[in-house]
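Take a look at the letters that make up each chain.
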Amino acid sequence: MADKQISLPAKLINGGVAGLIGVTCVFPIDLAKTRLQNQQNGSRLYTSMSDCLIKTIRSEGYFGMYRGAAVNLTLVTPEKAIKLAANDFFRHHFSKDGQKLTLLKEMLAGCGAGTCQVIVTTPMEMLKIQLQDAGRIAAQRKLMPEAVSSGPAAPVEMKSPTAMQLTRDLLRSKGIAGLYKGLGATLLRDVPFSIIYFPLFANLNNLGRRGSEGNAPFYVSFASGCIAGSTAAVAVNPVDVIKTRLQSLTRGSQEDTYSGVTDCIRKILQREGPSAFLKGAYCRALVIAPLFGIAQVIYFLGVGEYLLDLLPKRKD
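Source: prediction; values computed, not measured. (Residues numbered from 1 in each chain as written. Predicted model: local features only at pLDDT ≥ 70, side-chain atom pairs only at ≥ 80, totals over all residues. Heavy atoms only, no water.)

Asks: Just checking my understanding: could you explain the overall build of the protein for this structure?
Replies: Looking only at helices and strands, one finds 12 helices and two strands in the protein. Here the protein, with 316 residues, has 52% of them falling under the buried criterion. In the protein, 80% of the contacts between residues at least 6 apart in sequence involve partners at least 24 apart. If you sum the accessible surface of the protein, you get close to 14500 Å²; carbon and sulfur atoms cover 66% of it. (Helix = DSSP H or I, 4+ residues; strand = E, 2+ residues; numbered from the N terminus. Buried < 20%, exposed > 50% of the residue type's maximum accessible area, 1.4 Å probe, protein only. Contact = heavy atoms within 4.5 Å. Areas by Shrake-Rupley, 256 points an atom, 1.4 Å probe, with all protein chains shown as cover.)

Laid out in C-alpha cells, this is it:
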C-alpha cells in the first residue's frame, strides 16, 4: 500500500471498487482456471485456456463465461476490503514511529491479512466453484455420459444450480460448515499468498518512489501490483489446485474424490503426477496480476476518499 494515511471507510471502499472492476475484467479466465484444475485424467475436455473459453462460448454462449460471477461480484467487495484494510492495519500496528518495516514484519502483516480474509473467501469460492464447474459437468454428460455421476454430496442434480439453491442445500445438509468446506486449504493458499504478495509489492513500489518522501507514480504501483500478484499466484498454485478439488461437490464417476488435503496430494501425485499441481497456473497469474494491479491504482488515485467526499456532511 502507499504510505499515505487513509481512513478505514476509504480503505474499504478502495478494496471494494478494485475488486468489482478486477473481477469483471478477468472472470472468464478464472472460470477457465477452475475447469482446467478440476478435470482429471480420463475425463479431459479442454486442452488449454483458449480451448476452454472457445468451447464454453460455443456450448453456453458468451455469458457462460460469467457463470458464478454474481457470487464473486457480491462477495469480492468485503473480501478485498478485508484483505487490503487488514494488511494496512497490521503494517501500521507493527511500525514504530513511522520507521520502515523489516521484511519479517511485512510478512507477518501479510499473514494477518490472509488469515482475516478467509472468513469471506471460503464460502465465496465454495459457491463460485460449483457454478463455474457446472458447465464442464454438463459437457461431460453430453459427450461422455458414462463419465459423470452426481454423487450424494451434489446439492443439485441435472439442472444448473443457482447460488441460492447451493447455499440452501448446503446449509440444510451440513449447516454452516458446508459453506466452509476447504477452509484449511484456503488458509494454506491465502496466508502464503499474502506473505509473498504484500512485502514484494511494497519493496517493488518503493523502487519507483520519487525521492525519500514522495509516492511512486501510479504506473509503478500498477506494475508492482501485477508483478507481485502473478508471482504469489504461481507460487501458491499447487495449493489452489488442492483447494479447488476439495471444494468441488459434483465430479465424474471416473474422477477421484478426496477426504482431505493429504489424501488429495497423495492421489494427485500417484495418478496425475507432479505437473498436475501446476494446472491453471498461467490462468491464475493472468487473473491475479490485473486484479491487484488495479487495486493498487485505485488506492493511488484515492477513489475511496473521493467517494466519501461526495457524501453530504452531517452538521452538528
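Asks: Would you take a moment to explain the side chain of Gln-117 for this structure?
Replies: As for its placement among the helices and strands, Gln-117 is situated in helix H4 (residues 103-143). Residue classification places Gln-117 among the buried positions, given a relative accessible area of 2%. Of the polar contacts made by the side chain of Gln-117, one reaches the side chain of Lys-83; its length is 2.3 Å. Beyond its immediate chain neighbours, meaning those up to four positions away, Gln-117 contacts Glu-79, Ile-82, Lys-83, Asp-190 and Ser-194. (Polar contact = N/O pair within 3.5 Å; in protein donor to acceptor, adjacent residues only side chain to side chain.)

Asks: Before we go on, may I ask you to explain the packing of aromatic side chains in this structure?
Replies: Here the distance between the centres and the angle between the planes together describe a pair of aromatic rings. Inspection of the entire model under this criterion finds 11 aromatic pairs. Summarising the aromatic geometry, the rings of Phe-89 and Phe-90 are spaced 5.3 Å apart at their centres and angled 75° between planes, so their arrangement reads as edge-to-face. The interplanar angle of 80° and the centroid separation of 5.9 Å between the aromatic rings of Phe-218 and Tyr-219 together place this pair among those described as edge-to-face. (Phe/Tyr/Trp six-rings, centres within 6.5 Å; stacked < 30°, edge-to-face > 60°.)

Asks: What is the right way to read the nonpolar core from this model?
Replies: With 39 residues, the main nonpolar core has Met-49, Phe-193, Tyr-197, Val-287, Ile-288, Leu-291 and Phe-292 as its most contacted residues. Among the elements of the structure, helix H1 (8-38), helix H2 (49-60), helix H3 (69-94), H4, helix H7 (183-207), helix H8 (218-235) and helix H11 (281-301) are those that each provide at least two residues to this core. Among the elements that line this core, the one with the most residues is H11, at nine residues. Aside from chain neighbours lying at most four places away, what touches Tyr-197 is Gly-225, Ala-228, Gly-229, Ala-232, Phe-292 and Gln-296. (Core = buried A, V, L, I, M, F, W, Y, C linked by side-chain atoms within 4.5 Å.)

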